[in-house]
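Listed here are the chains, written in short residue letters.
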Amino acid sequence: MAPGRWRQGLRLLRALLLAALLGPAACLSSSFYSPGEPRSSVRVLCGSNWSLVLQGQWMLEFYAPWCPACQQIEATWESFAKESERLGITVGKVDVTQEPGLSGRFFVTTLPTIYHANDGVFRRYRGSRTLEDLEGYILERKWEAVEPVAGWKSPSSIMMHGMAGLFHFSGWIRQIHNYLTGTLGVHVWVSYAIFILATLLIGLLLGLILVLISDCLCPAKSKYRAETPEEAVTKENAENAALEEPEEAAELSADDAEEAADVKDLSNGEDVANSSAEESEEDLALGKESGEEEMEDLSEQPLAESETESTVRQRKSQGAEKEL
């Protein structure tokens, strides 16, 4: 890269730093007139003097040099500013390309955007942009019928302060990107990679700072600390109680086992007695049955003998009759 580009880049960087440090001077130098031309009646506002609109009555235009609609009403706005003393107001304008912070503070999304301010109370002007309508808006006090901007969206609120900072930061990023790609000749994707890496490093740094702050505000409690005599005695008693509990449990389990064995022996004795009684009853029943059978056998034997004798006699008589 040529040394001339580096010198040009350094000059641009110094200009940016001077613009940030010398805000009022930068605002004055941004007025759009030259020594040979008549001075404009429009008051140029920037980030350092915008608070002037919080006092008195103002009509403020947000524009961009490249905006066609802004270029069309430029002459009308100049004529309106010349009548500002008669109307009792101050006419101002803000270049959003030079003051992204103010465009964020007023939350400008369309161009041109016109605001009416009366002692810090802001109203959005949505009427016609002709000179007659602008003068009638002030002379006939038509602005009183317009609903003011909500307090949380007011340019002087805390929320819009943050919005202004965000827009201002985005403007700085755009200027750095243009410096890297235009002045230094860095490729666009290399510039994007630089911004991504810077974002990661800033995030890590902020996270580290938050961790350090949290540790300072809420330090972690130490896991180990010196025990007081009372705590030591309490801990020793708890340990002794924990050691005695298993011994008591073992003694109780041994007593329970002995009682269970005694109960088992008693139940076994009862079972033996019951079984012997049942066996004796069965023996008696069997003896009784055998005695009855023997009696029946004895009663049946004489009957059988008598029957044999009678049959013998009958046979003998039958043999004698045959002989005759």
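Residues numbered from 1 in each chain as written. Predicted model: local features only at pLDDT ≥ 70, side-chain atom pairs only at ≥ 80, totals over all residues. Heavy atoms only, no water.

Visitor: Just checking my understanding: could you explain the pairing of strand β2 (residues 57-63) for this structure?
Guide: Consecutive side chains along a regular strand alternate between the two faces of the sheet. Burial analysis of β2 places 7 of its 7 residues in the buried class, the great majority of the element. Side chains Gln57, Met59, Glu61 and Tyr63 project from β2 onto one buried face, and the interleaved Trp58, Leu60 and Phe62 project onto a second face that is buried too. Examined bridge by bridge, β2 and strand β4 (residues 113-118) share 6 bridges and lie antiparallel to one another. Its bridge partner lying in β4, Met59 is registered against His116. Two elements, β2 and strand β3 (residues 90-95), share 6 bridges in a ladder whose sense is parallel. (Buried < 20%, exposed > 50% of the residue type's maximum accessible area, 1.4 Å probe, protein only. Helix = DSSP H or I, 4+ residues; strand = E, 2+ residues; numbered from the N terminus. Pairing = 2+ DSSP bridges.)

Visitor: How do you make sense of the pattern of salt bridges when you look at a structure like this?
Guide: The tally for this structure, following the rule as stated, stands at 4 salt bridges. Here Arg86 and Glu83 are joined by a salt bridge, their closest N and O atoms 2.8 Å apart. One salt-bridge network, in which partners are shared between bridges, spans Glu83, Arg86 and Glu135. (Salt bridge = Lys/Arg side-chain N within 4 Å of Asp/Glu carboxyl O.)

Visitor: Looking at this structure, I do not really get the packing of aromatic side chains. What am I missing?
Guide: Geometry of an aromatic ring pair is reported as the spacing of the ring centres plus the angle between the planes. Under the definition given, this model contains 8 aromatic pairs. Ring plane angle 55° and centroid distance 5.4 Å describe the contact between Phe106 and Tyr115, whose orientation is recorded as tilted. Tyr115 shares its class with Phe106; the two are buried. With a centroid separation of 4.8 Å and 80° between ring planes, the pair formed by Tyr125 and Tyr137 is classed as edge-to-face. Of this pair, Tyr125 sits in strand β5 (residues 121-125) while Tyr137 is found in helix α7 (residues 131-139), placing the two residues 12 residues apart along the sequence. The class for Tyr125 is buried, based on a relative accessible area of 7%. You can call Tyr137 buried: its relative accessible area is 5%. Joined through ring pairs, the aromatic side chains of Trp50, Phe62, Phe106, Tyr115 and Phe122 make up one cluster. Of note, Arg124 hangs over the ring of Tyr115, and the distance from its end group to the ring centre comes to 6.0 Å. (Phe/Tyr/Trp six-rings, centres within 6.5 Å; stacked < 30°, edge-to-face > 60°. Lys NZ or Arg CZ within 6 Å of the ring centre and 35° of its normal.)

Visitor: What exactly am I supposed to notice about helix α4 (residues 74-82) here?
Guide: Residue pairs three or four apart in sequence face the same way in an α-helix, which turns once every 3.6 residues. Among the residues of α4, those classed as buried are Trp77, Phe80 and Ala81. Down the axis of α4, the smallest arc covering the buried residues is 100°, so these residues share one side. Turned more than 90 degrees from where α4 packs its buried face, Ala75 and Lys82 sit exposed. Among the structural elements, β2, α5 (84-87), β3, β4 and α7 are those in contact with the buried residues of α4. (Arc of directions from axis to C-beta. Contact = heavy atoms within 4.5 Å.)

Visitor: I'm lost on the side chain of Gln57 in this one. Help?
Guide: Looking at the secondary structure, you find Gln57 in strand β2. Among the residues examined, Gln57 registers a relative accessible area of 17% and is labelled buried. Polar side-chain contacts of Gln57 include one of 3.4 Å to the side chain of Trp143. (Polar contact = N/O pair within 3.5 Å; in protein donor to acceptor, adjacent residues only side chain to side chain.)

Visitor: Help me understand the nonpolar core in this model?
Guide: Generally speaking, soluble globular proteins have nonpolar side chains that are buried together. Val53, Leu60, Phe62 and Phe106 are the most contacted members of the largest nonpolar core, which has 18 residues in total. In terms of residue count, the dominant contributor to this core is β2 (4 residues). Ranked by size, the runner-up nonpolar core spans 14 residues in total, among them Phe80, Tyr125, Leu134 and Trp143. (Core = buried A, V, L, I, M, F, W, Y, C linked by side-chain atoms within 4.5 Å.)

Visitor: In this structure, what is going on with the sheet that holds β4? I would like to understand it.
Guide: Within a beta sheet, neighbouring strands are joined by backbone hydrogen bonds and run either parallel or antiparallel to one another. Taken together, 5 strands build an open sheet; the order of strands is β1-β3-β2-β4-β5 and the sheet is mixed. Among the strands making up the open sheet, the edge pair consists of β1 (43-44) and β5. Lying over the sheet, α4 contacts β2, β3 and β4, oriented at roughly 145° with respect to β3. (Axes fitted to C-alpha atoms, helices over the stretch in contact; angles between N-to-C directions.)

Visitor: How should the pairing of β3 be read in this particular structure?
Guide: Judged by how many residues are buried, β3 sits mostly within the fold: 5 of 6 residues are covered. Pairing geometry for β1 and β3, over 2 bridges, is parallel. Note that in β3 the partner of Val44 across the bridge is Lys93.

Visitor: Looking at this structure, I do not really get unusual backbone geometry. What am I missing?
Guide: Trans is the common state for peptide bonds, and a negative phi is the common state for residues other than glycine. Residue Pro112 follows Leu111 across a cis peptide bond; omega there is -10°. Positive phi is not limited to glycine here, since Asp119 has a value of about 55°. Residue placement: Asp119 occurs in the loop between β4 and β5. By relative accessible area, which is 54% here, Asp119 ends up exposed. You will see that Arg141, though not glycine, has its phi angle at about 55°, which is positive. Among the structural elements, Arg141 can be located in the loop between α7 and α8 (158-183).

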